[in-house]
Number of protein chains: 2
Amino acid sequence: MLTTEARRKILEENDAAATELRERFRAAGTLVVDLISSPGSGKTALLEETARRLAGKLDCATIVGDIATERDADRLRAAGMPSRQIITGGACHLEARTVRDALAQADFGELDILFIENVGNLVCPASFALGEDFKVVLLSVTEGQDKPFKYPGIFSRASVALITKSDLLPHVRFDVKAAGSEIETLRPDARMILVSTVTGQGIDAWCGLLQEELAKKRLAAAVP
Amino acid sequence: MLTTEARRKILEENDAAATELRERFRAAGTLVVDLISSPGSGKTALLEETARRLAGKLDCATIVGDIATERDADRLRAAGMPSRQIITGGACHLEARTVRDALAQADFGELDILFIENVGNLVCPASFALGEDFKVVLLSVTEGQDKPFKYPGIFSRASVALITKSDLLPHVRFDVKAAGSEIETLRPDARMILVSTVTGQGIDAWCGLLQEELAKKRLAAAVP
């Protein structure tokens, strides 16, 4: 087991690198969104749909972390989203230094929004700041409504919670209200959206939220 | 980032504790099964159904790991399975020492089968031996067929792969054959079973596999 001291040191080093990234994204006026979920909750599908909706309106790109394979970056590029895959090998989460290195290699140019699709894992990525404006947690309706209280770290840190695969609601037992209530307990100011990339439910609200947050960030930067 | 040296030390210490546990389970004739999957893939639902099917035939118990809440142990006890919840706090996986301590507290008595329901996480639990006879990986059809190659650690270490929630196949895009092919590439001797706790598909095969493995273990112990 990792000692508390060793863990503290790792997080402190990461926080320092994240602070540098955050300053750089502030200066560039780039909104940065860190997406976290279990494997298969629909992060890549959401970003494919987001790429299509924002095409021609905003310059977006994605850094995507996986243990292995270039699959997600390939899917995102096919949807028109410039993407850089980080293959973490054994590592179960992205760290700020990894993001910095990937950015240096990717050469995305000036961006309105940078998405960071974290490794599919509800636990470890929650503790690592990556210079993001906010974290988004995705919970698919097939995973069960009991997950927020079982994974309080990420559900308390994410200011946006997307309940995904709403098209499957008729086929599973998932009480949206009960899940929402747990999320609200852990994060009273969380914004929740029910989404489906199959039916399109919630995608307008999600893209609207992104555009609104980008505008707020730029307005804040313009105020001396 | 954890250094390679620090990681090696943690795994070595764990392996030593796991070897002690393995010897103890061998002497007791207890089959030990470590279940690993993403959050919400159906580990607890499978064990609830297993408890009902094996009731009166075999003495089973479960040690269940979660970041927070006693929910899974409560569900399992309600299904007639003696269970001990390990609340890991921040830790993203179970370690052999944690299992040993939980066993000491649980006082399950003599067991035919001990299930270890690991923390919902496809990444970190894969590297930790817990004295088990084998690891079982669960992949629900809603997570997508591309997961084995994205999480090769667990899919190469688990000798049993359960494709869960088969009742949802008509409603999702999931190519069972493609998933099976990836699993077979990573683990040529893996036994794969398509299961559903809703329709009952595959549950007989799963329980049969458990009984067969228990018989094999006891036969091996009886041979001088």
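Residues numbered from 1 in each chain as written. Chains lettered and ligands numbered in written order. Predicted model: local features only at pLDDT ≥ 70, side-chain atom pairs only at ≥ 80, totals over all residues. Heavy atoms only, no water.

1. Digging into the sheet that holds strand 7 (residues 191–194) of chain A
In any sheet, the strands associate via hydrogen bonds between backbone groups, in a parallel or an antiparallel arrangement. All names here are of chain A. Ordered in space as 3-2-4-1-5-6-7, the 7 strands form an open sheet in which the pairing is parallel. Sheet topology places strand 3 (83–87) and strand 7 at the edges, where each strand pairs with a single neighbour. Each strand of the sheet is rotated relative to its neighbour by a mean of 20°, with strand direction disregarded. Where strand 6 (residues 160–164) meets strand 7, 4 bridges bridge the pair, whose relative direction is parallel. Residue Val160 lies in a different strand from strand 7, and its bridge partner there is Arg191. Along the sheet face, helix 8 (residues 203–222) touches strand 1 (31–37), strand 4 (113–117), strand 5 (134–140), strand 6 and strand 7 and points at about 140° away from the line of strand 1. (Pairing = 2+ DSSP bridges. Helix = DSSP H or I, 4+ residues; strand = E, 2+ residues; numbered from the N terminus. Axes fitted to C-alpha atoms, helices over the stretch in contact; angles between N-to-C directions. Contact = heavy atoms within 4.5 Å.)

2. Quick word on the environment of B:Tyr151
With respect to the helices, strands and loops of the structure, B:Tyr151 is situated in the loop between helix 5 (147–150) and helix 6 (152–157). Between the C-alpha atom of B:Tyr151 and that of B:Glu184, which follows or precedes it by 33 residues, the distance is 14 Å. In this view, B:Tyr151 contacts A:Pro39, A:Asp66, A:Ile67, A:Gly120, B:Leu122 and B:Val123; residues no more than four positions away in its chain are not counted.

3. Digging into the side chain of A:Glu132
Following the sequence through the fold, A:Glu132 ends up in the loop between strand 4 and strand 5. What A:Glu132 contacts, discounting residues up to four positions off in sequence, is A:Arg22, A:Val32 and A:Asp34.

4. Concerning the packing of helix 2 (residues 43–54) of chain A against helix 3 (residues 71–78) of chain A
Residue and element names in this part refer to chain A. It is the contact of helix 2 with helix 3, at a shortest axis distance of 9 Å, that shows an interaxial angle of 20°. As far as their axial angle goes, helix 3 and helix 2 are roughly parallel. Note on packing geometry: the crossing formed by helix 2 with helix 3 is right-handed. Together, Thr44, Ala45, Leu47 and Glu48 of helix 2 and Asp72, Arg75 and Leu76 of helix 3 make up the contact between the two elements. By residue class, the composition of the contact of helix 2 with helix 3 is 3 nonpolar, 1 polar and 3 charged. (Parallel < 35°, antiparallel > 145°, perpendicular 65-115°, else oblique. Left-handed = near helix turned anticlockwise from the far one by under 90°. Nonpolar A, V, L, I, M, F, W, Y, C, P; charged D, E, K, R; others polar.)

5. Some remarks on the pairing of strand 6 of chain A
Counting buried residues along strand 6 of chain A, 5 of its 5 residues qualify, which places the element largely inside the surrounding structure. With respect to chirality, the unit in which strand 6 of chain A leads through helix 7 (residues 176–186) of chain A into the neighbouring parallel strand 7 of chain A is right-handed. (Buried < 20%, exposed > 50% of the residue type's maximum accessible area, 1.4 Å probe, protein only. Right-handed = clockwise from strand over helix to strand, strands pointing away.)

6. Observations regarding unusual backbone geometry
Trans is the common state for peptide bonds, and a negative phi is the common state for residues other than glycine. Of note in this structure, A:Thr69 is not a glycine but carries a positive phi near 80°. Note on placement: A:Thr69 falls in the loop between strand 2 (60–66) and helix 3. Judged by relative accessible area, which is 19%, A:Thr69 ranks as buried. Despite not being glycine, B:Lys165 shows a phi value in the positive range, around 60°. With respect to the helices, strands and loops of the structure, B:Lys165 is situated in the loop between strand 6 (160–164) and helix 7 (176–186).

7. Remarks on the environment of B:Val64
All names here are of chain B. As for its placement among the helices and strands, Val64 is situated in strand 2 (residues 60–66). Considered as a pair, Val64 and Lys43 are 21 residues apart in the sequence and their alpha carbons are 10.0 Å apart. Once residues within four sequence positions are removed from consideration, Val64 is found in contact with Asp72, Ala73, Arg84, Gln85, Ile86 and Glu117.

8. Points about the sheet that holds strand 1 (residues 31–37) of chain B
Residue and element names in this part refer to chain B. Strand order in the open sheet formed by 7 strands is 3-2-4-1-5-6-7, and the pairing between neighbours is parallel. Looking at strand neighbours, the two that pair on one side only are strand 3 (83–87) and strand 7 (191–194), the edges of this open sheet. In this sheet, adjacent strand axes meet at a mean angle of 20° when their direction is disregarded. Bridge analysis of strand 2 against strand 3 gives 5 bridges, and the strand direction is parallel. From the neighbouring strand, Asp66 faces strand 3, where its bridge partner is Ile87. Docked against the sheet, helix 2 (residues 43–54) engages strand 1, strand 2, strand 4 (113–117), strand 5 (134–140) and strand 6, running at close to 165° with respect to strand 4. Strands in contact with helix 7 are strand 6 and strand 7; relative to strand 7, the strand with the most contacts, it is inclined by about 160°.

9. Observations concerning the pairing of strand 6 of chain B
Residues and elements named next belong to chain B. Neither face of strand 6 is exposed, since Val160, Leu162 and Thr164 on one face and Ala161 and Ile163 on the opposite face are all buried. Pairing between strand 5 and strand 6: 5 bridges, direction parallel. Bridging from a neighbouring strand, Val136 pairs with Val160 of strand 6.

10. Examining the relation of the copies chain B and chain A
The transformation that overlays chain B on chain A combines an axial shift of 0.0 Å with a rotation of 180°, and the residual RMSD is 0.0 Å. Within this description, the copies of the chain are treated as partners about a two-fold rotation axis. The overlap is high: 100% of the interface residues of chain B also sit at the interface in chain A, so the same surface is used on both sides. (Least-squares fit on C-alpha atoms with pLDDT ≥ 70 in both.)

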